[in-house]
Amino acid sequence: MDSTKGSYKAGEAKGEVQAKTEKMMDKAGDTCQSAKESCQNAGDQIKAKAQGAAEAVKDATGNK
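Keep in mind it's a predicted model, so treat the numbers as computed, not measured. (Residues numbered from 1 in each chain as written. Predicted model: local features only at pLDDT ≥ 70, side-chain atom pairs only at ≥ 80, totals over all residues. Heavy atoms only, no water.)

Novice: Looking at this structure, I do not really get the overall build of the protein chain. What am I missing?
Specialist: What the protein chain contains, in helices and strands, is one helix and zero strands. Scaling as 2.2 N^0.38, a compact globule of 64 residues should have a C-alpha radius of gyration of about 11 Å, whereas the protein chain reaches 27 Å, well beyond that. Considered along the principal axes of its C-alpha atoms, the protein chain spans approximately 90 × 10 × 5 Å. A burial count over the protein chain gives 0% of its 64 residues as buried. Here the protein chain has roughly 5800 Å² of accessible surface; of this, 57% comes from carbon and sulfur atoms. Distance between charge centres in the protein chain, computed from 11 positive and 10 negative side chains, equals 2 Å. (Helix = DSSP H or I, 4+ residues; strand = E, 2+ residues; numbered from the N terminus. Rg over C-alpha atoms; globule rule 2.2 N^0.38 Å. Buried < 20%, exposed > 50% of the residue type's maximum accessible area, 1.4 Å probe, protein only. Areas by Shrake-Rupley, 256 points an atom, 1.4 Å probe, with all protein chains shown as cover. Lys, Arg positive; Asp, Glu negative; His and termini not counted. Charge placed at Lys NZ, Arg CZ, Asp CG, Glu CD.)

Here you go:
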C-alpha cells in the first residue's frame, strides 16, 4: 500500500511541475512577444524620424 501511495504522490508532483512549467513558458512567450513589439515600435519611430530628417535636408537644399 505504501508503494502505491508513493507512486500516486510522485505522479501528483510531476503533474504540478508540468503545470508550473507550462505557465512559466507561457509567461516567457508573452514577455518575448512584448519585447518584440516594443522593438518593432522603436524601429518604426526611428525610421519615421530618419525619413523626416531626409525630407528636411531635401527641402533645405532645394532637392526633391
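Still more ground to cover, so stick around.
Novice: Just checking my understanding: could you explain the pattern of salt bridges for this structure?
Specialist: Side-chain pairs of opposite charge can arise whenever the charged atoms involved come near each other. The full count for this structure, using the stated rule, is one salt bridge. Residue Lys58 pairs with Glu55 through a salt bridge whose shortest N-O separation is 3.8 Å. In this pair, Lys58 and Glu55 both sit in helix α1 (residues 2-61), three residues apart, roughly one turn of the helix. Relative accessible area serves as the criterion here: at 37%, Lys58 is assigned to the partly exposed category. Under the relative-accessibility criterion, Glu55 is labelled partly exposed at 40%. (Salt bridge = Lys/Arg side-chain N within 4 Å of Asp/Glu carboxyl O.)

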